[in-house]
Every structure is written in structure tokens, then in C-alpha cells.
Amino acid sequence: MPTVEALPGPFTFAPESTALLVIDMQRDFLEPGGFGESLGNDVSQLRRTIAPLAAFMTNWRAAGLPIIHTREGHLPDLSDCPPAKLERGAPSKRIGDPGAFGRILIRGEYGHDIIDELQPAPREAVVDKPGKGAFYATELQDLLDKGGIRSLLVAGVTTEVCVHTTVREANDRGYECLVLADCVGSYFPEFQRVGLEMIAAQGGIFGWVADSTSVTLEERP
Amino acid sequence: MTAIIGPVKATPYLWPYDGSVPVERTALICIDWQTDFCGPGGYVEAMGYDIALTRAGLPATARLLDHVRSLGMLVVHTREGHDPDLSDLPANKRWRSAQIGAEIGGQGPCGRILIKGEPGWEIVPEVAPVAGEVIVDKPGKGAFYATNLDLVLRTHGITHLILTGITTDVCVHTTMREANDRGYECLILSDCTGATDPGNHTAALHMVTMQGGVFGCVATSDDVIAATEG
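Every value quoted in this text rests on a predicted model; they were computed, and no experiment measured them.

Trainee: Where do I start with the overall build of chain B in this structure?
Mentor: If you tally the helices and strands in chain B, you get nine helices and 11 strands. In terms of overall dimensions, chain B is globule-like: its C-alpha atoms have a radius of gyration of 17 Å, near the 17 Å expected for 230 residues. Dimensions along the principal axes, computed over C-alpha positions, put chain B at roughly 50 × 35 × 30 Å. Burial statistics for chain B: of 230 residues in total, 53% are counted as buried. In chain B, 71% of the contacts between residues at least 6 apart in sequence involve partners at least 24 apart.

Trainee: Is there a simple way to explain the interface of chain B and chain A in this structure?
Mentor: Think of interface size as the accessible area that goes away when the parts come together; that is how it is often given. Taken together, the contact pairs 30 residues of chain B with 28 residues of chain A. Those elements giving two or more residues to the side of chain B that touches chain A turn out to be helix H5 (91–99), helix H7 (168–181) and helix H8 (198–209) of chain B. A per-element tally of the side of chain B that touches chain A places H7 of chain B first, with six residues.

Trainee: Which parts of the structure should I look at to understand the confidence of the model for chain B?
Mentor: Any region with low pLDDT has predicted coordinates that should not be read closely. Scored by pLDDT, chain B comes out at a mean of 96, with 100% of its residues at no less than 70. Both confidence scores are given for the complex: pTM 0.94, ipTM 0.90.

Trainee: Please clarify how the environment of alanine 210 of chain A should be interpreted in this entry.
Mentor: Residue and element names in this part refer to chain A. Counting through the fold element by element, alanine 210 comes out in strand S10 (residues 208–210). Separated by 103 residues in the primary sequence, alanine 210 and arginine 107 place their C-alpha atoms 32 Å from one another. The contact partners of alanine 210, leaving out residues within four places of it in the chain, are Val4, Glu5, Ala6, Phe11, Leu178, Leu180 and Ala181.

Trainee: When you look at helix H7 (residues 159–172) of chain A in this model, what are you seeing that I'm missing?
Mentor: Turn by turn, an α-helix covers 3.6 residues, leaving residues three or four places apart pointing in a common direction. All names here are of chain A. Taking 1.5 Å per residue, 14 residues should reach 20 Å; H7 reaches 18 Å between its end C-alpha atoms and fits that length. Counting buried residues along H7, 14 of its 14 residues qualify, which places the element largely inside the surrounding structure. Glycine 174, located one to two residues past H7, shows a positive phi value of around 90 degrees.

Trainee: When you look at helix H4 (residues 50–62) of chain A in this model, what are you seeing that I'm missing?
Mentor: Residues and elements named next belong to chain A. The terminal C-alpha atoms of H4, which comprises 13 residues, lie 18 Å apart, in line with the 18 Å expected from a rise of 1.5 Å per residue. On its buried face, H4 is in contact with strand S3 (18–23), strand S4 (67–72), strand S8 (151–157) and strand S9 (176–185). Just beyond H4, the residue with positive phi is glycine 64, at close to 75 degrees.

Trainee: What's the story with the packing of H7 of chain B against H8 of chain B in this structure? I'm lost.
Mentor: The packing of two helices is summarised by the inter-axis angle and the distance between the axes. All names here are of chain B. H8 packs onto H7 with a crossing angle of 25 degrees between their chain directions and a minimal axis gap of 9 Å. Classed by the angle they form, the pair H7 and H8 counts as roughly parallel. Here Thr168, Asp169 and His173 of H7 lie close against H8, whose contacting residues are Asn200, His201, Ala204 and Leu205.

Trainee: Would you mind going over the pairing of strand S4 (residues 74–80) of chain B with me for this structure?
Mentor: Every regular strand shows the same layout, with side chains that alternate between the two sheet faces. Residues and elements named next belong to chain B. When you tally the buried positions in S4, you get seven out of seven residues, the bulk of the element. Across five bridges, strand S3 (residues 26–31) lies against S4 in parallel orientation. Bridge pairing links leucine 28 to valine 75 in S4. Relative to strand S7 (residues 134–138), S4 runs parallel, the two sharing five bridges. What sits directly across from threonine 78, in S7, is valine 136.

Thresholds applied
Residues numbered from 1 in each chain as written. Chains lettered and ligands numbered in written order. Predicted model: local features only at pLDDT ≥ 70, side-chain atom pairs only at ≥ 80, totals over all residues. Helix = DSSP H or I, 4+ residues; strand = E, 2+ residues; numbered from the N terminus. Rg over C-alpha atoms; globule rule 2.2 N^0.38 Å. Buried ≥ 20, exposed ≤ 12 C-beta atoms within 10 Å, placed from the backbone. Contact = placed C-beta atoms within 7 Å. pLDDT = per-residue confidence, 0-100. Expected span 1.5 Å × (residues − 1). Axes fitted to C-alpha atoms, helices over the stretch in contact; angles between N-to-C directions. Parallel < 35°, antiparallel > 145°, perpendicular 65-115°, else oblique. Pairing = 2+ DSSP bridges.

And the structure:
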């Protein structure tokens with residue numbers, strides 16, 4: 001079984017029961033001119049994850065291993081968007097408003113979909129989620145159960161929000177999570193640092209942390 | 001005359017988002033104020049941590065409990081713990097706790113560590129539940145997963161949550177994130193929480209306030225008390 005030098009200690013996983021979970025690599029969050037940038041965020045902080053994650057996904061697929069993608073978003077009629085999420089903070093742009101890439105965070109819109117560089121391959125699962133966590137109100141648990149998955153390698157954005165919430169959910173459900181430090185990103189460098197520290201604190205209270213380049217895979221013969 | 005909470009002077013917006021909320025639709029959630037985490041002789045203290053950090057929020061939480069009980073607000077207490085046969089303990093959680101010298105189910109200074117019914121698992125007297133208050137036992141960090149908390153809150157018609165407890169960055173944050181995804185409007189209290197690492201306490205509170213309040217708001221117990229009418 002592959003063993004990865006990680007924090008707080010070595011992470012060992014069985015490839016046949018491990019999936020790569022790629023969280024919310026969506027145009028609305030990552031593309032210049034999109035929703036994320038319109039809120040004043042520096043999208044380059046997220047875009048630095050694209051190249052290492054694309055390379056890692058290539059290797060992961062070559063090894064014949066599963067990838068599950070998630071997208072945060074809501075139904076066009078907003079019936080799955082809690083009022084508190086929609087209205088709080090009086091943002092300049094709200095979910096469902098017209099944006100540069102279609103209605104913001106609405107399923108089916110161009111901006112809601114995954115960036116070109118990391119598009120899902122045929123037959124890879126895409127989980128649409130209404131919240132920050134990928135387990136609540138989604139089919140993710142069923143997908144993992146049916147696939148016999150017990151360990152997750154986690155990538156995506158943003159580190160302290162959707163990645164953290166999902167890893168916390170997964171950890172409570174007994175999944176072993178390795179967060180790929182170079183493949184997760186935050187608009188805020190301080191939260192990137194603290195977010196990764198919190199994962200591995202107290203003996204790995206939520207999981208393990210390592211760079212994707214630390215993971216060695218064998219190509220499927 | 002029913003009491004109303006809000007608008008509370010909070011960060012990053014006046015809480016709640018919808019201006020104010022009747023006490024009947026609000027619950028105070030007190031997370032994991034257990035002896036093993038913050039009591040003298042508990043296992044966190046036995047591991048060499050300074051429990052002054054996890055106890056820091058106790059006086060303010062006790063004062064706030066007096067206030068909300070006088071208003072008739074729903075109070076929910078949570079306890080992290082496992083069945084004595086460990087049948088609800090994920091293997092990785094057990095392994096990790098052993099790695100840091102505090103194996104769940106093993107003998108600790110206050111009975112078996114994090115096992116239901118043991119002295120160390122009980123809530124400390126300063127903020128102990130009173131008759132009629134809800135107690136939720138949870139096997140994880142989040143209080144929603146594998147518990148009846150969501151059912152209890154919806155049955156009571158609760159839409160807004162005020163969070164206290166320990167630790168800020170672990171169980172309180174996980175629960176706040178779960179609540180937020182479920183549509184509850186959340187307020188975390190900086191003076192009624194605490195962490196074994198003060199930096200993580202501060203960072204966790206700061207995370208809440210970003211992006212217009214991505215998980216809700218931060219305030220103090222005095223802000224809540226000051227914003228109560230009726």
C-alpha cells in the first residue's frame with residue numbers, strides 16, 4: 001500500500017478503497033472576472049492549485065483510480081438556498097444574480113461548471129451540493145459506500161471553507177482524509193496556513209496534510 | 001410579551017440577517033463543556049494542556065445561561081462520547097487518540113476517556129444542564145452528524161442558533177458549519193468559547209467573519225444580553 005510522508009505522520013492508503021475528491025473548482029470561484037473576483041478576492045491565490053492538481057489528476061487516472069468532483073450551487077428557483085445564505089451580509093452580488101458567466105452559483109450556468117483545465121472525465125461522478133460541506137443533502141455518502149471507499153485524498157477550494165467543512169464531515173463519518181496542500185487554495189494566505197495547521201493539529205484531529213508530489217502511484221498495467 | 005433578540009452588535013453584520021428573532025425561534029447551543037476537556041483532573045489537563053484556556057468561556061456562558069433561562073429560550077447541551085463497547089467509535093479516531101496518549105475508551109484520570117457515563121464525560125457544574133433542557137450525545141466533532149439535533153431544533157421551530165462551547169476551532173466550528181449548511185442563522189460568542197491553542201481560537205473566529213459572514217457572525221455574550229428586549 002502506498003505510504004505518504006505527511007503531517008502529523010505517515011499516511012497509508014489502499015488504492016482500491018481510495019478516491020480523489022476535487023472540491024468546487026468552478027469558474028465562478030476561479031476565473032478572472034467571475035463572482036469570486038467581483039467580491040474583491042485575489043483569484044491567483046486559487047489558480048496556483050490548477051497546475052499541480054491537473055498533473056495529479058492525470059497520474060491518478062493513469063493508475064485507474066476514481067475521482068469525485070463537487071460543485072456548490074443552487075436550483076434556478078433558489079428553492080434549495082436557505083434565506084440566511086442568500087441575504088446575509090448585504091453582498092454587492094447575490095446567488096442567482098446575473099454575473100459575468102451567467103447567474104451566480106446556479107446549476108446549469110457556465111460559471112457554475114468546473115474550469116476547463118480540470119473538467120471531469122467520462123463516468124467520473126459530479127456531486128452538486130447546496131452547502132459548504134459535500135455530505136449534507138447530497139449523494140456523496142452513497143457513492144462512497146457503493147464504491148467501497150474508506151480513504152479520501154482531498155483537493156479544491158477554498159481551504160478554510162468548503163474543503164474544511166467537507167473534511168470535518170468525512171472525518172466524523174470515519175473516512176481517513178489526506179489534504180493535498182499544493183492542490184487546495186484560499187483567497188487568504190493566512191487562512192491557507194492556519195487551515196492546513198488545524199487539519200493536522202492534535203495528532204491529526206481531522207486528517208493528514210501533504211503535497212501531491214509526495215504521493216507515489218503505480219500506473220495500472 | 002415575548003422577548004426579542006436583535007439586532008445584535010456583531011461582526012461582520014448586525015445579527016441576525018433578518019433583523020431580529022423571537023426567543024421562541026432561538027436556541028442556545030452549549031458544546032462539550034465536559035470535565036475531560038475543561039475540568040480539573042480531566043484528560044486534557046492530564047495531557048499537560050493549560051485548561052485555563054478551555055475554561056476561559058465558563059463564567060460568561062454561565063451568566064448567559066441565567067439570562068436565556070429567564071427568557072425561556074431553548075437550551076441544548078452537547079457531549080462528545082462513545083458507547084462503552086466502542087461500537088460507535090471510528091477506527092481512525094481511536095487510533096489517533098492512542099497516538100497522542102489519550103486512547104478513547106482507555107483509563108484516564110476521570111474514568112474511561114470519552115465514554116458515556118464516566119465522570120470525565122459529564123458536563124462541568126458551572127454550566128450543567130437543568131431539568132427540561134435538551135442533551136445531545138454525539139460521536140463526532142459535529143453535533144448534527146449521527147444525532148437527533150436537527151430533528152429537535154426543527155420540532156421546536158428553531159431557526160436561529162447562538163453557540164458557546166469548546167473548542168472553538170474543532171467542535172464548535174464543525175457544528176456551526178453543519179448548522180449553517182442546514183440554513184440556521186448562527187452567532188458564535190467569542191467570550192463563551194475557547195481552544196487549547198489561542199491562535200486557533202482567534203483564527204477560527206476570524207474565518208466566520210470573512211466573505212460577509214460565510215458561516216454567520218461573531219459577538220460577545222454582553223452584546224446578546226444588550227440586544228434583548230421584552
